[in-house]
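# Residue-level structural notes
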Amino acid sequence: MREKRPPKRRVNLLAKEGVTVVDWKDITLLRKFISDRGKIRSRRVTGLTPQQQRQVATAVKNAREMALLPYPSQGR
């Protein structure tokens, strides 16, 4: 039987880059939190705090509204 090891802790990208406030105009940063299908990645994947995840989600939604980021594809 294989030994179970603890899961690898995700690195907080915002803390690593020194970002305190997420801006919807910073598309290069926001693209790191979006999957290839256009969906916002979850906290488990990104390693953000709940407050940071809410900021990122709001910024992504605003950037989508301004046509800077794509909406999720339908996948039919």
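See above for the structure.
Okay, so let's go over this structure. Keep in mind the model is a prediction, meaning the values are calculated, not measured.

### A word on unusual backbone geometry
Only a minority of non-glycine residues have a phi that is not negative, and only a minority of peptide bonds are not trans. The residue Ala67 is not glycine, and still its phi comes out positive at about 65°. Summarising the element assignment, Ala67 is placed in the segment after α4 (50–65). The exposure class assigned to Ala67 is exposed, which follows from its relative accessible area of 68%.

### A closer look at the environment of Arg5
Counting through the fold element by element, Arg5 comes out in the segment before α1 (13–17). Look at Arg5 and you get exposed, because its relative accessible area is 75%. Separated by 69 residues in sequence, Arg5 and Gln74 have C-alpha atoms that sit 37 Å apart.

### A short note on the nonpolar core
Counting residues in hydrophobic clusters, the biggest one holds 13 residues, and the most contacted among them are Leu14, Val22, Leu30, Phe33, Val56, Val60 and Leu69. Mapped onto this core, the elements with two or more residues apiece are α2 (27–30) and α4. Per element, the largest residue contribution to this core is four residues, and it comes from α4. In this structure Val22 touches Leu14, Leu30, Gln55, Val56 and Ala59, once residues within four positions along its chain are discounted.

### A word on α4
Between the first and last C-alpha of α4 there are 23 Å, a value that for 16 residues agrees with the 22 Å anticipated at 1.5 Å per step. Within the sequence span of α4, burial applies to Gln52, Gln53, Val56, Ala57, Ala59, Val60, Ala63 and Arg64. One side of α4 carries all its buried residues, which in axial view fall inside an arc of 165°. Exposed side chains of α4 directed beyond 90 degrees from the buried face belong to Arg54, Lys61 and Glu65. Buried residues in α4 make contact with α1, α2 and α3 (43–46). In the segment just after α4, Ala67 is the residue with positive phi, at about 65°.

### Quick notes on the side chain of Arg64
Mapped onto the elements of the fold, Arg64 is located in helix α4. Here Arg64 is buried and forms no salt bridge, its nearest opposite-charge partner Glu65 lying at an N-O distance of 9.1 Å. In this view, Arg64 contacts Gly38, Lys39, Ile40, Leu69, Pro70, Tyr71 and Pro72; residues no more than four positions away in its chain are not counted.

Rules used in this analysis
Residues numbered from 1 in each chain as written. Predicted model: local features only at pLDDT ≥ 70, side-chain atom pairs only at ≥ 80, totals over all residues. Heavy atoms only, no water. Helix = DSSP H or I, 4+ residues; strand = E, 2+ residues; numbered from the N terminus. Buried < 20%, exposed > 50% of the residue type's maximum accessible area, 1.4 Å probe, protein only. Core = buried A, V, L, I, M, F, W, Y, C linked by side-chain atoms within 4.5 Å. Contact = heavy atoms within 4.5 Å. Expected span 1.5 Å × (residues − 1). Arc of directions from axis to C-beta. Lys, Arg positive; Asp, Glu negative; His and termini not counted. Salt bridge = Lys/Arg side-chain N within 4 Å of Asp/Glu carboxyl O.

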